[in-house]
2 protein chains.
Amino acid sequence: MTKKWVYLFREGNATQRDLLGGKGAGVAEMTRTGVPVPPGFTITTEACNAYYEFGQQFPEGLWDQALEALKDIEAQTGKKFGDPSNPLLVSVRSGAKFSMPGMMDTVLNLGLNKETREGLAKLTENPRFAADAYRRFIQLFGKIVLGVDGERFEHVMDETKGHGQRLDTDLSSEELLQIAEKFKAIIKEDVGVEFPEDPNEQLREAIAAVFRSWNGRRARDYRRINKISDSLGTAVNVQSMVFGNMGEDSATGVAFTRNPATGEALIFGEYLVNAQGEDVVAGVRTPQLISQLEETMPEVYQQFHTIAKQLESHYKDVQDVEFTIEKGKLWMLQTRSGKRTAAAAVKIAIDLVHEGVIDKATAVQRVDPAALDQLLHPMIDPKARKDAHVLTVGLPASPGAASGEAVFDPDEAEELAAKGDKVILVRVETAPEDFHGMVAAQAILTARGGMTSHAAVVARGMGKPCVAGAGELRVSYADQSVTVNGVTVRKGDWITLDGGTGEVFAGKMPTVEPELSGDFAELMTWADEFRKMGVRANADIPRDAKVARSFGAEGIGLCRTEHMFFEGDRIDAVREMIIADTVEERRAALAKIEPLQQADFEGLFREMAGLPVTIRTLDPPLHEFLPHGDEEITALAAKLGVDYKKVKSKIENLHEANPMLGFRGCRLGIIYPEITEMQARAIFKAAVAVSKEGVAVHPEVMIPLVGNITELKPQEELVRKVAGEVFAEAGVELPYLVGTMIELPRAALTADEIAGVAEFFSFGTNDLTQTTLGLSRDDSGRFLPLYVERKILTDDPFQTLDQRGVGQLVQLGVERGRSTRPNLKVGICGEHGGDPASVEFFHRAGLNYVSCSPYRVPIARLAAAQAALGDARRDK
Amino acid sequence: MTKKWVYLFREGNATQRDLLGGKGAGVAEMTRTGVPVPPGFTITTEACNAYYEFGQQFPEGLWDQALEALKDIEAQTGKKFGDPSNPLLVSVRSGAKFSMPGMMDTVLNLGLNKETREGLAKLTENPRFAADAYRRFIQLFGKIVLGVDGERFEHVMDETKGHGQRLDTDLSSEELLQIAEKFKAIIKEDVGVEFPEDPNEQLREAIAAVFRSWNGRRARDYRRINKISDSLGTAVNVQSMVFGNMGEDSATGVAFTRNPATGEALIFGEYLVNAQGEDVVAGVRTPQLISQLEETMPEVYQQFHTIAKQLESHYKDVQDVEFTIEKGKLWMLQTRSGKRTAAAAVKIAIDLVHEGVIDKATAVQRVDPAALDQLLHPMIDPKARKDAHVLTVGLPASPGAASGEAVFDPDEAEELAAKGDKVILVRVETAPEDFHGMVAAQAILTARGGMTSHAAVVARGMGKPCVAGAGELRVSYADQSVTVNGVTVRKGDWITLDGGTGEVFAGKMPTVEPELSGDFAELMTWADEFRKMGVRANADIPRDAKVARSFGAEGIGLCRTEHMFFEGDRIDAVREMIIADTVEERRAALAKIEPLQQADFEGLFREMAGLPVTIRTLDPPLHEFLPHGDEEITALAAKLGVDYKKVKSKIENLHEANPMLGFRGCRLGIIYPEITEMQARAIFKAAVAVSKEGVAVHPEVMIPLVGNITELKPQEELVRKVAGEVFAEAGVELPYLVGTMIELPRAALTADEIAGVAEFFSFGTNDLTQTTLGLSRDDSGRFLPLYVERKILTDDPFQTLDQRGVGQLVQLGVERGRSTRPNLKVGICGEHGGDPASVEFFHRAGLNYVSCSPYRVPIARLAAAQAALGDARRDK
């Protein structure tokens, strides 16, 4: 007995993706559930593998089984394959388990030849339709199955149409038949074979071509890169053709079972009478709304409506269906899960739960966390987009839309904003000293820098729109203008940014505020029921902390103390501290900063009442705080009452070849312990003060850039010493933790030692990515986009964690850290904390929490819930 | 029965270091072998531990056993402890298993009090000697045992001597006795106890003080840092005093059993008649050569000679001995392995083998590989050092000495050198574009940069002296001068550098060329018999390859192709290539470079006939090849016939925040495959050409900075494609390998994947250290020295591999790489390849070879042999 190579659609079901491929299993499932699907059969993926095993020959029994199945189709349709009086035509499609590029395109109308074409013409009383179907079939077969260069067919078409003077639809039956003959001649000439008139031969060759396409270069490359096994094989689907263009009682259309834009529970779609599927796509005729079908063909509509709802309940999700009405008979061609906007996704998920179709866990898994970003920021009014003038497109660095007057100087941005003007800060790139200007601006636009450049990271942290790395911009600070593609925008000119798409528009455009509906809040509550990981936010100032908390953050995972250094006058004291020659001078300057820092921390502790607040000690290289221009240096020297030369030489002295790997992080606190001391004192004095107000405070002091336990130890001792002093003075004792960032490979590798001192770890995956991959995020713009494009890297590793490399170090760090300290609290506070794929990884790695930008907190909450539900699914 | 706490010297032996401490075991061994050692006993380390167990009380039986042992000494010496008529005096010394700082200093002359002092005076007929011994004892006991501030004693001495008007030796007996009384009063006043007159009490307290010193702060810190267990405990040595200052028949001296400077097999030492050990050290009197002892005391000399030789054969090594002759009787006080110069070490090791004392393996282990550096470079004539003017001391970045005229510009250095002048290039720091000036100079001096700065690395590679990071230098390019500590050196002024010490001298100083004696060569041959790892050299040009081969290199482990880019005119073509806008322009520029590169590679292949040559494709960021000054940019623009603005903007465009992590390594070859293509063609065309001369060539093409198999694969394919084309054209097939650097943590972590393509790995431990530790070698100068000083790091990780961190990645890379490709060839080509401690680690990690600077090849050969012998020893 030979193997079963062929399954009629009614013999299979949805679980057989391995055997029947995705498409085959899909139509089988529809058939099985009684939906009217044009009958057909699927040749299994095993047949494909057998084809290769037998030296590219059909395995024994395959062809016989196919002919047998064909008879079944004939019986169902009443048509006969190759019979001129009532010819059965079929489509042949590839269909592997996963859809992939490089696989064979669909061949339609197979079974046509001179005789059957004539039969079809008579039967349909539409010779032009038959001629066109014939012409299309020869063209598709020639190109797809026989491998003729498609350009040659196009050339003939083009010539006949008089090079654009007429449309395809203008061609007469006669012309189409002439074209068909010319196509046959081309086939003969190009591949040396006659176009096969025998429908059986057509079918054999089409099936073999599907098998061959499995081993085509593009498909193989795709599988190699995506780690898909070559032994999966592809299935072949042979299905009877139906036609929506057989008269006024025929039609074709597409529909969603609910509104994919709003989620409203009404069927949403459109159709064209007497048309084929491609006519809908081509957009030459304007389709009618599906509601009109109810009027014109009420019975068919009723049937369609029932089937649509049935499919939705069967698949328990909104379906995107294609259908054809052939002479008053409804055929369903395809159903699949419908794409939808984030707002619709949320509404549909909630509605389906309330309708009792799905449970909460399923609802939580239905919404793409990344898509939530759309719901959290203002958008450009879609109506206004039509007339918009796009100046250029940069990187979509921080979502949201905003309009404002272009300003090129951070000081000026601050001044104008203080007057109530809306401004957009335009810079070649930003540096920490531009911070006050960024705070003042509605949005930020830079010509240089990637998705994790300073501008991008800071903007995301503030939830402000940012378009970064818009390489076409020519910014001139001297002229206070930017030129892009021939247009010059001067200071004060209005521009609009869409940080979600990277678009930069000339002029002012209206934006719409997102509606955070009750559905959204409900979904978040459900997510919280499932997730195991905590979600915190990276926030430096009380305002951000407040936003974070409103989005559900359960604490602050990273407060970058240095972000406060630029606010107001305090930068002067910071600079005085850096320029100082002696410990005494440094202490004097630090004493000016201490009360300001304390006040900042008090604000944070109040906003985060009852929740942990992780504060990182000074991290960036000191030169980031110093001015660079001669004028500014002169001003600073005058302000500090020291020699210009001294300031200048200090700045030069602090210059570094690779600041990322330089004198920063805990290295600063080790060489200048008085800095750590001041910061610790500010933290604990703030904690004591706020605690005395009756607010519960949980400070966690975090030492950055530790590579060695010998670096952490003295800093930890210093922090504890200061804590002891402050508590003794105040006569209170507060709980607190001292921990460290794990952001260097060496820290992860020696995490067992480091956990001997650290009470918590927070993975700094930005820097860990930079060091593990030897990749500067500021400089990677020159090759990283190309790397992603060429699939050398599957993702930008600064957006989605490189699990194979950096992820290994995270896992190893967690394991080794907990081997020393089993209850070690482990979090992550890099940009990856708000990336869903990375959050899923962190869940698997056993982290206690992720910390991300305030505006990404809901995304992280949902992603964490999905990760936990993924576990539950796997455990089943 | 109580435990045995006390061992007489004759009861112990050399193997009992754990129990008796290093010193105790040493004197026991001498005693055991019949050497005349002043009798004494050792209190065990177990007694020390017991002392702490019993709440700082002597354990039961200890004191009784000590008194018992004292009786034995009395019997041997005929003197009696505390007996005025013939008093036995003893010394009390600490002696742990390892010597360590913070342990108690030696107390001499213990047993003296008023009565015994008088007895000693009578017995020696030398009241002043007795009075002085008494004064010294009270001072030592007061300070060391009782903890009185030593300054107070010094103050009394100083006062009596009239504040520098008289010397110690000018004090009379009476004055000394008055001082002794004052000392006692100070003790009474300072610590509130009477100076103990009872010798037994003196002994008890001294022993307890030794025990206490084990737990002193400095000793504990030292043990903690050096990971020495606190439970080792210290032993206490009590030994009868002998005096070399008891008349003309008494003497004291030190000697080496062979000349420690030259290794000559003659006893070498000096002595003083009627003197104490400290007089020899103090240098007030000029000692006599040991040969004179033969004339003045022939019998004693004969005995000494015999004992010295006996100790040497017993310990099978040159001994550094201390001896005292008391009234014609010879006493040996100490013997230990003698420190020696590298030249002596080599000669002695070879001689001892030839004399049949040790075997070859022992000889190979006797020479410190690091010390060989001395033998491989010219030195400043020691005679000239006396009158030298040291301007400053920088880092000893590359050994050897050289004099030359100071020059501040690399072009000028080249010009002057071409005229035959000797020049020293003085720069704030060097960059790759200074390379031609460095080639031309005798030596290099920089104000900035560490041991692994560009200047240091390049200089070591060329075997040229270099003093780097001489921070006191104020270099002014404008004035063409350098000012240091008030002295200004102008262009053309002679200076001299000692790259082995970091000294910078004013003026021209004579140097001596090292003699590479036959012994040295012989030792190297023996080393080669034992070592398992290959040793290659990092060499970029034929001249360096030749040196490397003469030093025994077995191939080139790293040829940095870009080092050739600066030679002569070719930098113009390189710059043209970088400035190019299109592939075509780039190819045109590359076509000019190709024949030059091919010629370079031909030279290397010829020098390395029969040996493998590893050539790395272009590695540094392109901006390193471009000029920075406006004048140079203008010149370049003119030369290339392009707009100044274009060149300027290209340079600005290539600027990077962190070039170390930027657009470099394989990233260049991936974005500009035509560069790799050109280099591969040059390599294979060179290989074919040289091979046709009958020379065996083994090219190994190495792709740098790979972090991902997807980066290596396209580069590897390109190299193989070019190889195939060149071979096809030439009609030959040559063996070659394609491999990669492992210099990023991610590469080590995914070595299993990478080894799927790479035929060999070469660990680039410089960059791997930078990335793993997040430490820029160019910028670490601001904190790394302090880190090492404070023991936050035990070594500069750029000199000695950080085994705990970077080493883990090396081991992991080797294991994972070989898990995929068991015969994977693995080497290392960072600076660590020439560091003995690191070489030992690489041996253990299973590397096939190390590659280092040509001048460090002998060091690596010896270190590799010692590593292999270490294995053999452990296996026993």
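The structure reproduced in this document is the subject of the present report. No experiment lies behind these values; they were computed from the predicted model shown. (Residues numbered from 1 in each chain as written. Chains lettered and ligands numbered in written order. Predicted model: local features only at pLDDT ≥ 70, side-chain atom pairs only at ≥ 80, totals over all residues. Heavy atoms only, no water.)

1. A look at the interface of chain B and chain A
Point 1. Counting from both sides, the interface comprises 50 residues of chain B and, opposite them, 51 residues of chain A.
Point 2. In total, about 4500 Å² of surface goes out of reach between chain B and chain A, with carbon and sulfur atoms giving 52% of it.
Point 3. Note that Glu656 of chain B and Arg782 of chain A form a salt bridge whose closest N and O atoms lie 3.6 Å from each other.
Point 4. Put simply, chain B and chain A have 32 residue pairs in polar contact (both at pLDDT 80 or more) between them.
Point 5. Where the side of chain B that touches chain A is concerned, the elements lending two or more residues are helix H24 (644-654), helix H25 (666-671), helix H27 (709-730), helix H28 (745-749), helix H29 (751-754), helix H30 (765-773), helix H31 (784-789) and helix H32 (806-820) of chain B.
Point 6. Here the residues of the side of chain B that touches chain A sort into 20 nonpolar, 14 polar and 16 charged. (Contact = heavy atoms within 4.5 Å. Buried area = accessible area lost by both parts, 1.4 Å probe. Salt bridge = Lys/Arg side-chain N within 4 Å of Asp/Glu carboxyl O. Polar contact = N/O pair within 3.5 Å; in protein donor to acceptor, adjacent residues only side chain to side chain. Helix = DSSP H or I, 4+ residues; strand = E, 2+ residues; numbered from the N terminus. Nonpolar A, V, L, I, M, F, W, Y, C, P; charged D, E, K, R; others polar.)

2. Describing helix H5 (residues 127-145) of chain B
All names here are of chain B.
Point 1. The terminal C-alpha atoms of H5, which comprises 19 residues, lie 26 Å apart, in line with the 27 Å expected from a rise of 1.5 Å per residue.
Point 2. Judged by how many residues are buried, H5 sits mostly within the fold: 15 of 19 residues are covered.
Point 3. One or two steps after H5, the chain reaches Gly147, where phi turns positive at roughly 80 degrees. (Expected span 1.5 Å × (residues − 1). Buried < 20%, exposed > 50% of the residue type's maximum accessible area, 1.4 Å probe, protein only.)

3. Things to note about the packing of aromatic side chains
Point 1. Applying the stated rule across the entire model yields 39 aromatic pairs over all chains.
Point 2. Judged by centre distance (5.8 Å) and plane angle (70 degrees), the rings of Phe137 of chain B and Phe195 of chain B are edge-to-face. With a gap of 58 residues between them, Phe137 of chain B in helix H5 and Phe195 of chain B in the loop between helix H7 (173-191) and helix H8 (199-214) connect regions that are remote in the sequence. No difference in accessibility class separates Phe137 of chain B from Phe195 of chain B, as the two residues are buried.
Point 3. Geometrically, the ring pair formed by Phe684 of chain B and Tyr736 of chain B is edge-to-face, given 4.8 Å between the ring centres and 70 degrees between the ring planes. On the criterion of sequence distance, the pair formed by Phe684 of chain B in helix H26 (residues 673-692) and Tyr736 of chain B in the loop between H27 and strand E30 (737-742) is long-range, its members being 52 residues apart.
Point 4. Over the ring of Tyr849 of chain A we find Arg536 of chain A; its NZ or CZ atom is 4.0 Å from the centre of that ring.
Point 5. Above the plane of the ring of Trp331 of chain B lies Lys329 of chain B, whose end atom (NZ or CZ) is 4.3 Å from the centre. (Phe/Tyr/Trp six-rings, centres within 6.5 Å; stacked < 30°, edge-to-face > 60°. Lys NZ or Arg CZ within 6 Å of the ring centre and 35° of its normal.)

4. Here we look at helix H20 (residues 542-550) of chain B
Residue and element names in this part refer to chain B.
Point 1. All buried positions along H20 are accounted for by Asp544, Ala545 and Ala548. Seen end-on, H20 carries its buried residues on one side only, within an arc spanning 100 degrees. Exposed and facing more than 90 degrees away from the buried side of H20 are Lys546 and Ser550.
Point 2. On its buried side, H20 packs onto helix H18 (454-462), strand E26 (534-538), strand E27 (556-560) and helix H22 (583-607).
Point 3. Once H20 finishes, Gly552 follows within two positions and takes phi at roughly 100 degrees, a positive value. (Arc of directions from axis to C-beta.)

5. Quick word on unusual backbone geometry
Point 1. Residue Lys316 of chain A is not a glycine yet carries a positive backbone phi of 55 degrees.
Point 2. By the element assignment, Lys316 of chain A lies in the loop between helix H12 (298-315) and strand E11 (319-326).
Point 3. Look at Gln56 of chain B: it is not a glycine, yet its phi comes out positive at around 60 degrees.
Point 4. With respect to the helices and strands, the residue Gln56 of chain B is situated in the loop between helix H2 (45-53) and helix H3 (62-77).
Point 5. By relative accessible area, which is 39% here, Gln56 of chain B ends up partly exposed.

These figures capture arrangement, not role.
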